[in-house]
Amino acid sequence: MDLLEYQGKQLFARHEIPVPSGIPARTVDEAVAAAEKIGYPCVVKAQVKIGGRGKAGGVKVAANAEEAGEYADAILGMDIKGFTVHELWIEEASEIEAEYYAAIVFDRSARSALVMLSTQGGMDIEQVSEETPEAIATLHVDPLLGFQPFEARRLAFEAGIDADLIRPIGEFLTKLYDTFIAEEAMLVEVNPVIITPERKVRALDSKVTLDENALFRHKENAELRDPSDEDPQEQMARDRGLTYVKLDGDIGILGNGAGLVMSTLDVVAQYGGSPANFLDAGGGSKADAITSAVEVICSNEKVKAVLFNIFGGITRCDEVANGLIEAFAQAKPTVPFVVRLDGTNDVVGRKILADANLPGVYTASTMNEAAEKVVALAKGETP
Amino acid sequence: MSVLVGTETRLCVSGITGSEGSFHTLNNRAYGTNVVSGVTPGKGGQDVEGIPVFNTFHAAVEESGANTAMVFVPPPFAADSILEAADAGIETIIAITEGIPAHDELRVYTQIKRMPGVRLIGPNCPGVLSPGKANVGIIPASFFKEGNVGVMSRSGTLTYQIGNELAQKGFGNSSIVGLGGDPIPGTSFVDVLEMFENDDQTELIVMSGEIGGDAEEVAAEYIAEHVTKPVVGYIAGFTAPPGKTMGHAGAIVSGSKGTAAAKAEALEAKGVRVGRTPTQVAEIAIEILGG
């Protein structure tokens with residue numbers, strides 16, 4: 001789960017990472033009130049989960065209340081790379097002498113946390129990494145030993161940090177690592193880490209991604225989920241315990257198991273079709289899950305035909321068939337369905353479906369045949 | 001032979017008294033797996049259909065001689081259960097549990113790697129089936145028969161799909177190993193490639209990967225250097241858009257690395273044939289082994 005900048009900063013503050021003070025705002029009035037409280041100059045910052053806000057005009061420095069209101073009005077509702085700004089963060093302006101970059105990433109390939117430090121902060125770090133990789137000092141942390149002071153020093157020296165800042169930057173990295181561990185993050189990134197004229201270190205930005213699987217023991221963080229930035233179908237699916245990802249095409253897909261569903265999308269594409277979604281009904285795939293799945297898939301108006309691809313393991317095909325009959329009774333889909341049932345109790349499942357004689361339901365015995373049929377149906381042809 | 005589970009397996013199940021745990025334990029026993037015990041803290045002294053339950057793995061190992069563990073407990077307790085099994089001297093730990101926090105997985109992975117002789121399969125995996133010998137996990141065994149094709153996969157149902165396509169063409173399996181869909185699997189393709197290479201029953205290896213991470217790329221390098229047996233590959237997720245998680249935590253593509261096309265290319269560059277559909281995988285297998 002990605003956090004907004006200010007949510008990440010509030011997380012940092014809990015772990016004593018120095019951040020500029022600020023107040024979140026959802027309206028122009030709230031923004032002006034916040035600016036008055038913070039004083040001038042202050043910074044009006046768009047809160048969206050995407051980089052490049054500054055370039056898009058989503059970050060402005062206000063010298064007085066009038067300007068704060070003007071900028072808040074302009075930025076609220078702004079579209080930044082497809083993300084609408086619903087919230088602002090009004091922050092005290094910082095004096096900047098130098099800009100660094102610091103990040104900790106959960107590096108799955110190396111099976112450890114990767115700490116990165118660079119003096120080339122404030123710019124696109126991917127560009128720095130491509131053009132001058134030596135400008136980024138990196139180090140993998142032993143997960144059982146934790147981040148050691150000598151490692152922080154080594155990184156700081158290797159990154160070419162000024163001598164008087166070796167210790168403060170080391171402390172900053174240590175606190176960042178503490179945050180990464182304590183909050184069970186997959187990423188904490190600060191770009192830029194600023195050095196003030198008083199030679200103080202501060203986090204001027206934050207990018208934090210938390211592990212969804214660990215939210216059960218971080219209630220405070222779990223509450224930060226923002227349903228408004230989810231697609232309506234994705235939200236509906238989440239509420240019903242289904243894994244759903246919306247895609248651009250017109251063929252609705254349902255299967256059991258992430259790998260099989262991914263494979264189904266590929267096979268449909270190979271037959272010239274374009275999938276409208278990824279939907280994993282999960283291991284059990286009980287009747288109510290099937291009903292929910294049909295409702296979610298068909299609530300996407302672009303869907304012209306649906307492919308059900310089930311290989312029963314734990315999932316029983318007879319339950320899927322009964323679920324589908326129930327789903328048809330409740331959701332009354334108007335688009336054709338191709339159903340492929342294989343695996344546990346497949347013969348019984350197919351018979352149940354045949355006996356029910358549902359309108360617009362075609363059966364297939366293999367994945368390829370099912371894909372071919374559904375692609376034809378989506379084009380308005382009869383398979 | 002077969003790999004990881006077989007006639008030598010003496011299974012102890014953590015979470016045996018839960019509904020899922022008992023259901024699959026009894027299925028495994030009905031298949032012929034030697035289930036010797038279970039562990040549920042506080043329920044020591046009870047039994048599940050005659051299988052004795054112990055409070056700790058240490059007691060289970062000492063009194064029932066367990067050498068393999070299957071972990072079925074919910075995510076908040078799974079890491080602890082895996083570490084307990086390892087500490088008690090269990091050699092093969094198969095973790096079925098889905099949804100274990102990533103930081104827990106990282107600590108467990110690191111600790112297990114430091115314990116020579118201990119192997120973790122999973123978590124978030126369907127288990128391991130050696131047809132005709134033993135089934136540990138939730139793989140529907142009735143679709144598979146004994147044979148010479150070793151299968152390893154990051155996805156459960158996709159494993160069944162590919163296994164079934166092979167079975168319809170008349171092939172059986174030495175072992176089917178579900179590696180799991182999580183970011184930090186205890187065992188990787190490379191580990192199992194080494195096992196299949198050394199297993200005299202296995203004549204062909206099928207490797208089913210998916211988007212995310214670099215396990216397939218690493219495996220491609222390993223195959224070129226160390227594997228003499230033919231390997232057929234499959235990669236799921238060619239149509240997955242970048243930046244989206246497709247159900248498995250492991251199945252996420254960020255940037256250009258980790259895409260299905262890059263993985264298939266890496267394998268093909270090392271001479272591994274990659275089927276574009278599960279059906280094609282079976283067809284390539286026939287070509288290689290002779291139908």
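Just above sits the structure.
This one's a predicted model, so the numbers in the text were calculated from it and none came from an experiment.

(A) Highlighting the overall build of chain B. Helix and strand counts for chain B stand at nine helices and 14 strands. Here the C-alpha atoms of chain B give a radius of gyration of 18 Å, agreeing with the 19 Å that 2.2 N^0.38 yields for 291 residues. Going through the 291 residues of chain B one by one, you find that 63% of them count as buried. Considering only contacts in chain B between residues 6 or more positions apart, those separated by 24 or more positions represent 73%. When the accessible surface of chain B is split by element, carbon and sulfur atoms take 49% of a total near 10,200 Å².

(B) Broad picture of the packing of aromatic side chains. Residues and elements named next belong to chain A. Using the criterion set out here, one finds seven aromatic pairs over all chains in the structure. Pairing Phe-147 with Tyr-177 gives two aromatic rings, centres 5.6 Å apart and planes at 35°, and the pair type is tilted. A residue pair is termed long-range when its members are at least 10 positions apart, and Phe-147 in the loop between β9 (136-141) and α5 (149-159) and Tyr-177 in helix α6 (residues 166-182) qualify at 30 residues. Given the relative accessible area of 10%, Phe-147 is considered buried.

(C) Layout of the interface of chain B and chain A. Facing the 52 residues of chain B at the interface are 47 residues of chain A. Where chain B meets chain A, there are 15 residue pairs in polar contact (both at pLDDT 80 or more). When contributions to the side of chain B that touches chain A are tallied by element, the ones reaching two or more residues are α4 (102-113), α5 (156-168), β13 (231-236) and α9 (278-289) of chain B. Here the side of chain B that touches chain A gets eight residues from one element, more than from any other, and that element is α4(B). Of the residues belonging to the side of chain B that touches chain A, the class tally is 25 nonpolar, 19 polar and eight charged.

(D) Expanded view of the sheet that holds strand β1 (residues 22-25) of chain A. Residue and element names in this part refer to chain A. Taken in spatial order, the four strands make up an open sheet running β1-β6-β2-β3, and their pairing is antiparallel. Lying at the two open borders of the sheet, with one neighbouring strand each, are β1 and β3 (59-62). In this sheet, adjacent strand axes meet at a mean angle of 20° when their direction is disregarded. Inspection of the sheet shows strand β2 (residues 42-46) paired to β3 by four bridges, in the antiparallel sense. What sits directly across from Cys-42, in β3, is Ala-62. Sheet contacts for helix α1 (residues 5-14): β1, β2 and β6 (88-92); angle to β6, the most-contacted strand, approximately 50°. Sheet strands touched by helix α3 (residues 65-75): β2, β3 and β6. Its angle to β3, the strand with the most contacts, is close to 165°.

(E) Local environment of the sheet that holds strand β6 (residues 92-95) of chain B. Residue and element names in this part refer to chain B. Judged by pairing direction, the sheet is mixed, and its seven strands sit side by side in the order β3-β4-β2-β1-β5-β6-β7 without closing on themselves. What marks the edges here is a single partner per strand, and that holds for β3 (47-48) and β7 (119-121). Bridge count between strand β2 (residues 35-39) and strand β4 (residues 51-54): two bridges; the pairing is parallel. Looking across to β4, one finds that Gly-38 is bridged to Val-53. Contacts between helix α1 (residues 19-31) and the sheet are confined to β1 (11-14), β2, β3, β4 and β5 (68-71), with β4 contributing the most and set at about 140° to the helix.

(F) Structural detail: the nonpolar core. Of all hydrophobic cores here, the largest spans 91 residues; its most connected members are Met152(B), Leu166(B), Val177(B), Leu193(B) and Val206(B). Non-local contacts of Val177(B), meaning those with residues more than four positions away in its chain, are made with Val3(B), Leu4(B), Ile121(B), Gly127(B), Val128(B), Val151(B), Met152(B), Ser153(B), Val192(B) and Phe196(B). In this structure, Leu3(A), Leu165(A), Val190(A) and Tyr109(B) belong to the second largest nonpolar core, which totals 43 residues.

(G) Local environment of helix α2 (residues 28-38) of chain A. All names here are of chain A. Those residues of α2 not exposed but buried are Ala-31, Ala-34 and Ala-35. What you see down the axis of α2 is that its buried residues fit within an arc of 100°, all on one side. Exposed and facing more than 90 degrees away from the buried side of α2 are Asp-29 and Lys-37. Each element contacted by the buried residues of α2 is listed here: β1, β2, α3 and β6. At the C-terminal side of α2, Gly-39 shows a positive phi close to 95°.

(H) The arrangement of the environment of Lys373(A) in detail. Residue and element names in this part refer to chain A. Tracing the backbone shows Lys-373 in helix α13 (residues 367-378). Leaving out residues up to four positions away in the same chain, Lys-373 has contacts with Val-338, Thr-363 and Pro-383. Within the structure, the side chain of Lys-373 is placed 2.7 Å from the backbone oxygen of Thr-363, a separation counted as a polar contact.

(I) Region of the structure containing the pattern of salt bridges. Residues and elements named next belong to chain A. Scanning all chains against the criterion turns up 34 salt bridges over all chains. Here Arg-350 ties to Asp-342 by a salt bridge, and the two come within 4.0 Å at their closest N and O atoms. By relative accessible area, Arg-350 is classed as partly exposed at 31%. On the basis of relative accessible area, Asp-342 is assigned to the buried category, the value being 8%. Residues Lys-351 and Asp-355 are paired through a salt bridge, measuring 2.9 Å at the closest nitrogen-oxygen approach. Taken as a pair, Lys-351 and Asp-355 lie in helix α12 (residues 346-356) at a separation of four residues, close to a single helical turn. Both residues of the pair, Lys-351 and Asp-355, belong to the exposed class. Here the salt bridges share partners, and the residues they tie into one network are Glu-5, Lys-9, Lys-45, Arg-53, Glu-91 and Asp-205.

The rules behind each value
- Residues numbered from 1 in each chain as written.
- Chains lettered and ligands numbered in written order.
- Predicted model: local features only at pLDDT ≥ 70, side-chain atom pairs only at ≥ 80, totals over all residues.
- Heavy atoms only, no water.
- Helix = DSSP H or I, 4+ residues; strand = E, 2+ residues; numbered from the N terminus.
- Rg over C-alpha atoms; globule rule 2.2 N^0.38 Å.
- Buried < 20%, exposed > 50% of the residue type's maximum accessible area, 1.4 Å probe, protein only.
- Contact = heavy atoms within 4.5 Å.
- Areas by Shrake-Rupley, 256 points an atom, 1.4 Å probe, with all protein chains shown as cover.
- Phe/Tyr/Trp six-rings, centres within 6.5 Å; stacked < 30°, edge-to-face > 60°.
- Polar contact = N/O pair within 3.5 Å; in protein donor to acceptor, adjacent residues only side chain to side chain.
- Nonpolar A, V, L, I, M, F, W, Y, C, P; charged D, E, K, R; others polar.
- Pairing = 2+ DSSP bridges.
- Axes fitted to C-alpha atoms, helices over the stretch in contact; angles between N-to-C directions.
- Core = buried A, V, L, I, M, F, W, Y, C linked by side-chain atoms within 4.5 Å.
- Arc of directions from axis to C-beta.
- Salt bridge = Lys/Arg side-chain N within 4 Å of Asp/Glu carboxyl O.

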